[in-house]
Amino acid sequence: MSKQTLIVIGNGMVGHHFLEQFTRTPAAERFEILVFGEEKQLAYDRVHLSEYFAGSSHAELAMATADWYADNHIELRLNEPVTAVDRDNHIVTTPKGAYQYDELVLATGSYPFVPPIDGKDDANCFVYRTLADLDAIRASAAEARTGVVVGGGLLGLEAANALRSLGLQAHVVEFAPRLMPVQLDGDGGDLLRQKIEALGVQVHTEKATTAIVPGDAARLRMKFADDSHLDTDLIVFSAGIRPQDTLARACGLEVGERGGIVIDNRCTTSDPHIHAIGECALWNQRIFGLVAPGYTMARTLAAALNSDPQGAFSGADMSTKLKLLGVDVGSIGDAHGQTPGARNIRFHDEQAGHYRRMVVSQDGKTLLGAILVGDNSHYDTLLQYALNGITLPPNPEILILPEHQGGAPGLGADALPETASICSCHNVTKGDICGAIDAGCTDLGGVKAETKASTGCGGCAALLKKVVDSELEKRGVAVSTDLCEHFPYTRQELFHLVRVNGIRTFRGLLRQYGKGQGCDICKPTVGSILASCWNEHILATEHVPLQDTNDTFMANMQKNGTYSIVPRIPGGEITPDKLIVLGEVAKQYNLYTKITGGQRVDLFGATLSELPEIWEQLIAAGFETGHAYGKSLRTVKSCVGSTWCRYGVQDSVAMAIYLENRYKGLRAPHKIKMAVSGCTRECAEAQSKDIGVIATDKGWNLYVCGNGGMRPRHADLFATDLTDDQLIRAIDRVLMLYVRTADRLQRTSVWMENLEGGLDYLKQVVLEDSLGIGEELEQHMADLVGSYQCEWKTAVEDPEKRKRFREFVNAPSLKDPVQQWTSERGQRRPELEVASL
Amino acid sequence: MTTKTCWEAVCTVDDLVADCGIAVWTEDGPVAVFYLPHRLPALFAVSHTDPFTGSNVLARGITGDLDGEPVVASPLYKQHFSLRSGVCLEDASVRVRSYPVLLDGDRIRLAVPVRQPAAVAA
């Protein structure tokens, strides 16, 4: 049977989400899929558009890669706008050709509304919608001092933030008497205005712009209806959106009076073979200008194309929770109390700058809506009450009062019904989460991977954690945070106990805070904590029993009981002489030799007793231990950088060597990998590391919390264009905070994802020093850097420590008879038969 | 062939490391001897061979206790073995040989079976 053709017009967030959903369904097999995008770039995250000015590239904002489209057999034609739809013959036309369809999806989105003002087409007037718009704004801003955003709504304030991050004095001009008139009331709007003005953004309300003319003090002058004026170098219009329904109108589809392609509950238009989703669609006389409802439509349509009767579109919740210019703003449901009989409960603390309003039903039993400004910590609880119609407590005011005034802590996860929506971006309910747990997920990371919950905007992270913890607890998967049966504390708590009480031995800690004799969980953990705090030699008598065998013998045990040796080769740079020494040693001891992924050399097959002899030779040649055995810094990979490469803009090798020498030996909850790339081509693959550094022509961009391995994760951009000093300070702080607060065996990625507030919180603590601990973290790191010793050098020089390397203490010359060897590709390898049990 | 038990001297107290194991070679093959100074008795001996891999590594595992039972964790795949009985806590059908051990002056002695040729009938 030949396949039918499905054409999607529009490659924005909703169009892409539809493809993600649809390709997973059985019906996808029946269709060839062809996608047209007007923009040059593949679908990207418009919600976080302002991050483009903060240094994010299109690649970071992208919803997927070209490979994803290829893998799913989707033909993607970017930069090819559709110019006409011929419904009679099922043909769409572009400047490049005509294409037949069987089913057509319009995901054309919206366009910014620009009020009909004289002068609005000046070269320094812009809209805020696409990356191309942002590039144009950036170019104009280069020579500008001030910028005005027309429109004080959600997007307008985002745009103002973007102007501010370009270094402009930003103004917001709003026609209504307050900011965010749709979401906020008078008091809320006033408070938001105060807070935003305190940040240096000038707000002008009740201003109707009548004309834009050349200015005196700046390029342009905006004239207002009240005869006042404002001079500015550039203007960004953000006065609302209009559905992009041009194609639909032209081909005679039914559209709304004020625009929008009319759809039914299955997202199908007046033509049964044409469908519309996202901001271009009009459902029940409503346009939905948020991404979550668009995603819901995308899912609905994917189901409808599978003739799945489930999940008709039934409207969407327009509640929003945002941080605008750093100010918390939340708006839920009927925020303005338009429901007949609705009553209000307000809490307004002008001192602290907090405003909260609940709109409750006439009988006081249900929450209809809410407004929050200044503090969103009550948002999740209020939203759950409103969405699920949960009966309010008899004194509902406790939900918005500060806790010390009798306010209630958040709604327990138990009180939520199965149908409660936890993650609206990916439509994950509490029931879905329970399902994932029943199917075998036993932690937050697993649930996130399985359900995608909290991987969209991330706003539900705290709530998700609560639900997961509570459900695990119910199933007896004790979410005991105890480290093990010997210590009723988390790793973080133990870290504090060790540090605050100056405890220097495992026994000391066990006596004061634990019970029993310890085990293979708590001993290495405490060993690592002690090393992070005091940096004594890991083979000091008290610490020997705490270490995993790899740490004890400072080498990596292989399956036959022999060890591998990995000397440090900082930055992957090695002299020919040192390389020859490695070869000679390997030859002498018949060691299997392999180049590692971290730009060094791994020598396999050394017996316990050979280790100190081998290291004597390596140390004599100038090598140091590579800590390949430790939960500590492994390697700092680098490309060749500006010294040789014609593209390099900074000396990546020198930086990598510096970083490797600075952080070598640092004991951490898990291994740490780093890389430094000398230019944006990223040959060192820094974005797959815990700490990634990429050179720019102005300095260094820092990426954090990436990893390869079982669950690969790209590192997040953390800071841009840093000087050497700024870079080191930021890395010092990130690493030390990780060392102090992460769980046992938690990589930086999982650590960061589990921090409440995630990346933003980490940025605040590290870059803005919001906890005031920056200096302390740096000092702690400086102490550790200062007390570094090569563990192998100390060990080979100490006869007592060398005694530990006897294979059989009563037969020093005896080689382990179990080890059988064979040869392969010119090298020795173990031939190991599993002993019969 | 018959076997009988003899108390073989394998090392001295100076060779022991508190809360750790060391490996010795005996008539019965490789044995791991553990010294846990905070328990009574403080000496334990089990086979040095990890039954899951056949590698001689158990003396290099981390010691401790689980529910009060003294254990060593295999350094390869982390199964726990009782230092008293040699039984694997994760899989009771697997056990390593355990040996009686005693302190004789400053010498550590293990009770190991010794294979002897059968006496030839006259």
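Residues numbered from 1 in each chain as written. Chains lettered and ligands numbered in written order. Predicted model: local features only at pLDDT ≥ 70, side-chain atom pairs only at ≥ 80, totals over all residues. Heavy atoms only, no water.

Looking up chain B in an unreviewed UniProt entry gives the name Nitrite reductase (NAD(P)H) small subunit, with the organism given as Marinobacter profundi.

Chain A is annotated in an unreviewed UniProt entry as Nitrite reductase (NAD(P)H) of Marinobacter profundi. Of chain A, the UniProt comment under Pathway (unreviewed entry) reads exactly: "Nitrogen metabolism; nitrate reduction (assimilation)." Recorded under Sequence similarities (unreviewed entry), the UniProt text for chain A is reproduced unchanged: "Belongs to the nitrite and sulfite reductase 4Fe-4S domain family." (UniProt positions renumbered as here; feature names shortened; annotations may be inferred.)

A. Focus on the overall build of chain B. Along its length, chain B carries 0 helices and 10 strands. When the helices and strands of chain B are listed from N to C terminus, the series reads β-β-β-β-β-β-β-β-β-β. Against the 2.2 N^0.38 benchmark of 14 Å for 122 residues, chain B shows a C-alpha radius of gyration of 15 Å, consistent with a compact globule. The buried share among the 122 residues of chain B stands at 57%. Look at the contacts in chain B between residues 6 or more apart in sequence, and 45% of them connect residues 24 or more apart. Entry remark: accessible area of chain B is about 5,400 Å², with carbon and sulfur atoms responsible for 53%. (Helix = DSSP H or I, 4+ residues; strand = E, 2+ residues; numbered from the N terminus. Rg over C-alpha atoms; globule rule 2.2 N^0.38 Å. Buried < 20%, exposed > 50% of the residue type's maximum accessible area, 1.4 Å probe, protein only. Contact = heavy atoms within 4.5 Å. Areas by Shrake-Rupley, 256 points an atom, 1.4 Å probe, with all protein chains shown as cover.)

B. Here's a closer look at the pattern of salt bridges. Residue and element names in this part refer to chain A. Tallied over the entire structure, the rule returns 42 salt bridges over all chains. One salt bridge in this structure joins Arg568 and Glu660, with 2.7 Å as the shortest N-O distance. Here Arg568, found in the loop between strand 29 (563–565) and helix 17 (576–588), pairs with Glu660, found in helix 19 (residues 652–663); they are 92 residues apart in sequence, far enough to count as distant. Residue Arg568 shares its accessibility class with Glu660, and that shared class is buried. Arg825 is the partner of Glu824 in a salt bridge, and the nearest nitrogen-oxygen pair spans 3.7 Å. Overall, Glu824 belongs to the partly exposed group, its relative accessible area being 31%. (Salt bridge = Lys/Arg side-chain N within 4 Å of Asp/Glu carboxyl O.)

C. Expanded view of the interface of chain A and chain B. Taken together, the contact between chain A and chain B spans 41 residues of the former and 38 residues of the latter. A buried area of about 3,000 Å², summed over both sides, lies between chain A and chain B, and 56% of it is on carbon and sulfur atoms. Linking chain A to chain B there are 3 salt bridges. With a shortest N-O distance of 3.4 Å, Asp19 of chain B and Arg507 of chain A are connected by a salt bridge. Its residues placed into classes, the side of chain A that touches chain B shows 19 nonpolar, 10 polar and 12 charged. (Buried area = accessible area lost by both parts, 1.4 Å probe. Nonpolar A, V, L, I, M, F, W, Y, C, P; charged D, E, K, R; others polar.)

D. Highlighting helix 1 (residues 13–22) of chain A. Residues and elements named next belong to chain A. Among the 10 residues that make up helix 1, 10 are buried, leaving the element largely enclosed by the rest of the structure. The complete set of buried residues in helix 1 reads Met13, Val14, Gly15, His16, His17, Phe18, Leu19, Glu20, Gln21 and Phe22. Buried residues along helix 1 sit in contact with strand 1 (4–9), strand 2 (31–36), helix 3 (66–71), strand 3 (74–77), strand 7 (103–106) and helix 8 (291–304).

E. Structural detail: the layout of surface pockets. Residue and element names in this part refer to chain A. Quantified by volume, the second largest pocket comes out at close to 1,600 Å³. Every residue lining the second largest pocket is counted, 42 residues in all, and those nearest its centre are Asp743, Arg744, Gln746, Val750 and Asn754. Broken down by class, the residue content of the lining of the second largest pocket amounts to 17 nonpolar, 15 polar and 10 charged. (1 Å grid on protein atoms, 1.4 Å probe; cavity = no way out; pocket = protein on both sides within 12 Å on 5 of 7 lines; lining within 4 Å. Points joined across faces, edges and corners; volume = space filled by probe spheres on them.)

F. How the structure looks around the nonpolar core. Counting 61 residues, the largest nonpolar core has Leu659, Met674, Leu702, Ile731, Trp751 and Leu762 of chain A as the members making the most contacts within it. It is helix 20 (residues 724–741) of chain A that provides the largest number of residues to this core, a total of 10 residues. In terms of domain composition, this core takes at least three residues from each of domain 5 (491–547) and domain 6 (633–786) of chain A. Once residues within four sequence positions are removed from consideration, Leu762 of chain A is found in contact with Val704, Cys705, Phe718, Leu737, Trp751, Met752, Leu755 and Leu767 of chain A. Counting 51 residues, the second largest nonpolar core, distinct from the first, contains Leu582 and Leu603 of chain A together with Cys20 and Ala45 of chain B. (Core = buried A, V, L, I, M, F, W, Y, C linked by side-chain atoms within 4.5 Å. Domains from an automatic or database assignment.)

G. Just the side chain of Arg662 of chain A, in detail. Residues and elements named next belong to chain A. One can find Arg662 in helix 19. We classify Arg662 as buried; its relative accessible area is 17%. Setting aside chain neighbours within four positions, we find Arg662 in contact with Ile728, Asp732, Met781 and Val785.

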